Amino acid sequence: MVRFSVKAEAFGEKRKRNKIMPVLIIFAVVFAYQIYAPAFAGAWPRPPHSGYVALKRGHVSGSTIIAAPRQIGEPGSGIALQSAYNTQAQEIYGEYALSPHILFVGKRQIQRARLATSTRRTDYHELGVQTPMPFLAVGLLPPATMRILRFIFPAIKFSRDSAAAAQIFHYHTRSKTFDSATTPTSRQDGAALTVAPADRLSWGRYHLTQNLAVTQFDSRSSGVWKSDYEIQFGYAHQISLGWVNETYQDHAQSYAGRNSYATISFTPPEHRFNVRFLHGKSIIAGQPDTRRSYRLEVGWSFP
């Protein structure tokens, strides 16, 4: 009877885990979608012994159902469904070029989500190294684009540049859920690889720039992937308008999320700082609601 009881209890625990797994995946998408944003520097090389630092702030408004863990060992421990109302994130990001082939990149992000009965805080740290990949610099424009443009606009001088880079980084995530009684904590460490091509089409003082970054987490093709695509139309490298699309996919669980933003960037002439504002929406697969979101970024180049 003792053996039967132990097996029955283990079987019951397994069924319980199977039932809450989809909810846990939704929870991971909602929060990790904002957290797992690689500190990617872009494919364009930076001059040696130069760097860049940025402060970023984001906000997601709207309501969605998430799974909030209770304290293990307490009565009623396990998973409780709660509503998340607003999520805020602050981030500091930096990069430094040691040489034309070595770029160090890092960031720290703090995210707070207001739940119905508690608050969840997630700390995310990331440190990586990036190097150029010239053999991958095939560009992002459709084939024959340059020939078509020169044929249609023979009086305009078009030029094109392309680049590609790869980055490997280590990340650490620590999450706490605060309420009046308990503070459950979870941690996760891992590594990821990002590969990114980029393309720039220029004519006169105008330019059209495309950037794509594809990230695979923990070296599992059937696991978590993230892709970021950005296109910008700019004038004199001072002001630009663009569109950003970010997707997060967990192939093993068939869950996905997407952020899309309209962007505007401004860099004053003869200054080393820039300001970028992003406004758009966040969509989680399987969730009917669309959540409004925005980001504000202020950065400085040095020396």
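Scroll up to find the structure.
Here we summarise the structure given alongside this text. Here the structure is a predicted model, which means the values were calculated and not measured. (Residues numbered from 1 in each chain as written. Predicted model: local features only at pLDDT ≥ 70, side-chain atom pairs only at ≥ 80, totals over all residues. Heavy atoms only, no water.)

**Section: unusual backbone geometry**
Filter applied, for reference: The helix count covers DSSP runs of H or I at least four residues long, the strand count covers runs of E at least two residues long, and both are numbered beginning at the N terminus. Buried, partly exposed and exposed residues are distinguished by accessible area as a fraction of the type maximum, computed with a 1.4 Å probe on protein chains only: under 20%, between the cut-offs, and over 50%, respectively.
The step from Phe302 to Pro303 runs through a cis peptide bond, and the omega angle for that step is -5°. Inspection of the secondary structure puts Pro303 in the segment after strand E12 (290–302). Look at Ala144: it is not a glycine, yet its phi comes out positive at around 70°. Relative to the helices and strands, Ala144 is located in the loop between strand E4 (119–132) and helix H2 (145–152). Positioned with a positive phi, His237 is a non-glycine residue whose angle comes to about 55°. With respect to the helices and strands, the residue His237 is situated in the loop between strand E8 (224–235) and strand E9 (239–250). The class of His237 is exposed, set by a relative accessible area of 59%.

**Examining the packing of aromatic side chains**
Which entries qualify depends on this criterion: Note on aromatic pairs: the rings of Phe, Tyr and Trp (six-membered ring only in Trp) are paired at centre separations within 6.5 Å, and the planes decide the class, stacked below 30 degrees, edge-to-face beyond 60, tilted for the rest. Throughout this description, the term charge over a ring refers to an Arg CZ or Lys NZ atom that lies within 6 Å of the ring centre and within 35 degrees of the ring normal.
A complete count under the given rule lists 13 aromatic pairs for this structure. Ring centres of Tyr96 and Phe302 lie 6.5 Å apart, and the angle between their planes is 15°; on these two criteria the pair is classed as stacked. Of the two residues, Tyr96 is situated in strand E2 (residues 79–99) and Phe302 in strand E12; the sequence distance between them amounts to 206 residues. Grouping aromatic residues by their ring pairs yields a cluster made of Phe153, Phe158, Trp203, Tyr206, Phe233 and Tyr235. A cation sits over an aromatic face here: Lys56 above Tyr93, 4.7 Å from the ring centre. Here Arg200 stacks its cationic end above the ring of Trp44, 4.0 Å away from the centre of that ring.

**Quick notes on the environment of Phe178**
Considering the arrangement of structural elements, one finds Phe178 in strand E5 (residues 158–178). Measuring from C-alpha to C-alpha, the distance between Phe178 and Leu115 comes to 9.7 Å, with 63 residues separating the pair along the chain.

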